[in-house]
Amino acid sequence: MQQFLEPCIELAEQAGLAIMAIYRQPDIGKQVKSDDTPVTKADLAANAVLVAGLQELASDIPIMSEETPIPPLADRKHWPRYWLLDPMDGTGEFILESGDFAVNIALVENNRPVLGVIHWPAKNITYYAAYQQGAFKKSAQGVERISVAQPDGLTLAVSRRQKLEAVSQYLNTTFDTVPLGSCSLKACIVAEGKADCFMRIGPTGEWDTGASQVIVEEAGGSITDAEFNPLTYNQRESTENPDFIVMGHPDWEWQKMISPHQRSHHD
């Protein structure tokens, strides 16, 4: 995995440059996909950079990306490993020009993410981790190892757009909040100890959590579904995630603090 880490960091940064070349331009090519989610020229440009780079890096490893057609489960369920990509997590934030969008690259082996890179183009910050190698943050200040915060007053990373009640209804404790766009960036600030928890209520894809999961776990935290079960990868026809919870330090009594739930298909 180490052989892939540096090339993936470079690729994520190159994809970030492709995104920033389009950011705040008069025509970002916004369209709406069949699932009613937005896509822009920046998503597609980042995808092109990542796919070409990963095919050159390891032509034998299949690629699953949000911005390319997903093969049927029958074709992919036997993949021993594959790349899982969200070329731009937070397209809505890109459109709104908040700066809270990220490039996500994960390597999944035997249905479990083992390498993750998340690049924040607007701030030129990259979070990365590989299984049993620790989690790190690369910025203008250099590279530092990151870890979840010790329990001391719960801080919740929350969406800039979603109503707070969507998540607060499941919390049985008081908390402070840190607003931020992009699922993966909220997971990263839990990993680096700037928040303790992030609850995602609503549709996401496996590419939204693949890279985050490695980084959070290597920083000492965990990601589960909203009933505290492990997330699955490449094991269902649908690549949609259930609601999920990013939890920081294991000393918190998470299962007492958070009420489990299942999302209905009508949400």
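A brief structural summary. This is a predicted model, so every value here is computed, not measured.

1. Here we look at the packing of helix α1 (residues 2–22) against helix α2 (residues 41–57)
The contact between α1 and α2 brings their axes to 8 Å, and the two run at 155°. The angle between the axes of α1 and α2 places the two elements in the roughly antiparallel class. Here the hand of the crossing between α1 and α2 comes out right-handed. Residue-level inspection shows Phe4, Pro7, Cys8, Leu11, Ala12, Gln14, Ala15, Ala18, Ile19 and Ile22 of α1 in contact with α2, the latter providing Lys41, Ala42, Ala45, Ala46, Val49, Leu50, Gly53, Leu54 and Leu57. Class assignment of the residues belonging to the contact of α1 with α2 gives a composition of 16 nonpolar, two polar and one charged.

2. Description of unusual backbone geometry
Negative phi values dominate among residues other than glycine, just as trans dominates among peptide bonds. A positive phi is found at Arg24, a non-glycine position, where the angle reads about 65°. Positionally, Arg24 belongs in the loop between α1 and β1 (31–32). By relative accessible area, which is 53% here, Arg24 ends up exposed. Of note, Asn110 is a non-glycine position whose phi angle comes to about 50°, a positive value. Among the structural elements, Asn110 can be located in the loop between β5 (102–109) and β6 (112–120).

3. Points about helix α6 (residues 183–191)
Owing to its 3.6 residues per turn, the α-helix aligns residues three or four sequence positions apart on the same side. By the criterion of burial, α6 is predominantly enclosed, with nine of the nine residues buried. When α6 is considered as a whole, its buried residues turn out to be Cys183, Ser184, Leu185, Lys186, Ala187, Cys188, Ile189, Val190 and Ala191. Backbone geometry just after α6 places Gly193 at a positive phi near 85°.

4. Regarding the side chain of Thr126
As for its position among the elements, Thr126 is in strand β7 (residues 125–130). Looking at Thr126, the relative accessible area reads 1%, which means it is buried. Reaching out from Thr126, the side chain makes a polar contact with the side chain of His119 at a distance of 2.8 Å. Contacts of Thr126, omitting those with residues within four sequence positions, involve Ile9, Glu13, Val117, Ile118, His119, Phe136, Lys137 and Lys138.

5. Quick look at the sheet that holds β7
Ordered by their spatial adjacency, seven strands build an open sheet running β3-β4-β5-β6-β7-β8-β9, and the pairing between neighbours is mixed. Here the strands that pair on one side only, and so sit at the sheet edges, are β3 (63–65) and β9 (142–145). Neighbouring strand axes in the sheet, compared pairwise and without regard to direction, differ in orientation by 20° on average. Sheet topology places strand β8 (residues 135–139) next to β9; four bridges connect them, and they run antiparallel. Pairing of Lys138 across the sheet is with Val143, part of β9. Against the sheet, α2 touches β3, β4 (81–89) and β5, its axis set at about 155° to β4.

6. Focus: the pairing of β5
Among the eight residues in β5, seven count as buried, and that is most of the element. Pairing geometry for β4 and β5, over seven bridges, is antiparallel. Each bridged residue has a counterpart across the sheet, and for Trp83 the counterpart in β5 is Leu107. The pairing of β5 with β6 spans seven bridges and is classified as antiparallel. Bridging across to β6, Val108 finds its partner in Pro113. Here β5 folds back onto β6 in antiparallel fashion, the turn holding two residues, of which Asn110 has a positive phi close to 50°.

7. Some details on the nonpolar core
Nonpolar side chains in soluble globular proteins tend to be buried together. Leu84, Ile215 and Val246 are the most contacted members of the largest nonpolar core, which has 37 residues in total. For this core, the secondary structure elements donating two or more residues are β4, β5, β6, β7, α6, α7 (210–218) and β14 (244–247). Counting residues in each nonpolar core, the second largest holds 32 residues, with Leu11, Leu85, Val103 and Val117 among its members.

8. Here we look at the layout of surface pockets
Take a probe with the size of a water molecule and roll it over the atoms, and the empty space left behind shows itself. What the largest pocket holds in volume is close to 1000 Å³. If you trace the largest pocket, you find 43 residues lining it, with Thr37, Arg200, Pro203, Thr204 and Asp208 closest to the centre. Elements represented by at least two residues in the lining of the largest pocket include exactly β4, α4 (91–96), β10 (155–158), α6 and β12 (197–200). Per-element tally for the lining of the largest pocket: the top contributor is α4, with four residues. For the lining of the largest pocket, the class distribution of residues is 15 nonpolar, 15 polar and 13 charged.

Parameters and conventions
Per chain, the residues get numbers from 1 upward, laid out in the order the sequence is written. Given that this is a predicted model, residues contribute local features only at a pLDDT of at least 70 and side-chain atom pairs are listed and counted only at 80 or more, while totals for whole chains, interfaces and linings are drawn from all residues. Excluded from the side-chain calculations are hydrogens and water; all other atoms, namely the structure's heavy atoms, are used. Between the N-to-C directions of two axes lies an angle of 0 to 180 degrees, each axis being a line fitted to C-alpha atoms and, for a helix, fitted only over the stretch in contact. Runs of E in the DSSP output that reach at least two residues are strands. Runs of H or I that reach at least four are helices, and both are numbered from the N terminus. Reported orientations rely on four angle classes, namely roughly parallel under 35 degrees, roughly antiparallel over 145, roughly perpendicular from 65 to 115, and oblique for the rest. Here a crossing is called left-handed whenever its near helix is offset anticlockwise from the far helix by less than a right angle, and right-handed whenever the offset is clockwise. Note on definitions: a residue-residue contact is assigned when non-hydrogen atoms from the two residues lie within 4.5 Å. Under the grouping applied here, Gly and all other residues not named as nonpolar or charged are polar, the nonpolar ones being Ala, Val, Leu, Ile, Met, Phe, Trp, Tyr, Cys and Pro and the charged ones Asp, Glu, Lys and Arg. Exposure categories follow from relative accessible area, calculated using a 1.4 Å probe and restricted to protein chains: below 20% of the type maximum is buried, above 50% is exposed, and the middle band is partly exposed. Pairs of N or O atoms within 3.5 Å make up the polar contacts considered here, provided that, within protein, one atom can donate a hydrogen while the other can accept it, and that residues adjacent in sequence are counted only when both atoms are side-chain atoms. Here the rule is simple: two strands pair whenever DSSP picks up at least two bridges between them. For our purposes a nonpolar core is just a set of buried Ala, Val, Leu, Ile, Met, Phe, Trp, Tyr and Cys residues, chained together by side-chain atoms within 4.5 Å. Of the two site types, the cavity is a set of points on a 1 Å grid over the protein atoms alone where a 1.4 Å probe fits but cannot get out, and the pocket is an open set with protein on both sides within 12 Å along at least five of seven lines, each lined by residues with an atom within 4 Å of a point. Grid points are joined across faces, edges and corners, and a volume is the space filled by probe spheres set on the points.

These figures come from the coordinates and say nothing about function on their own.
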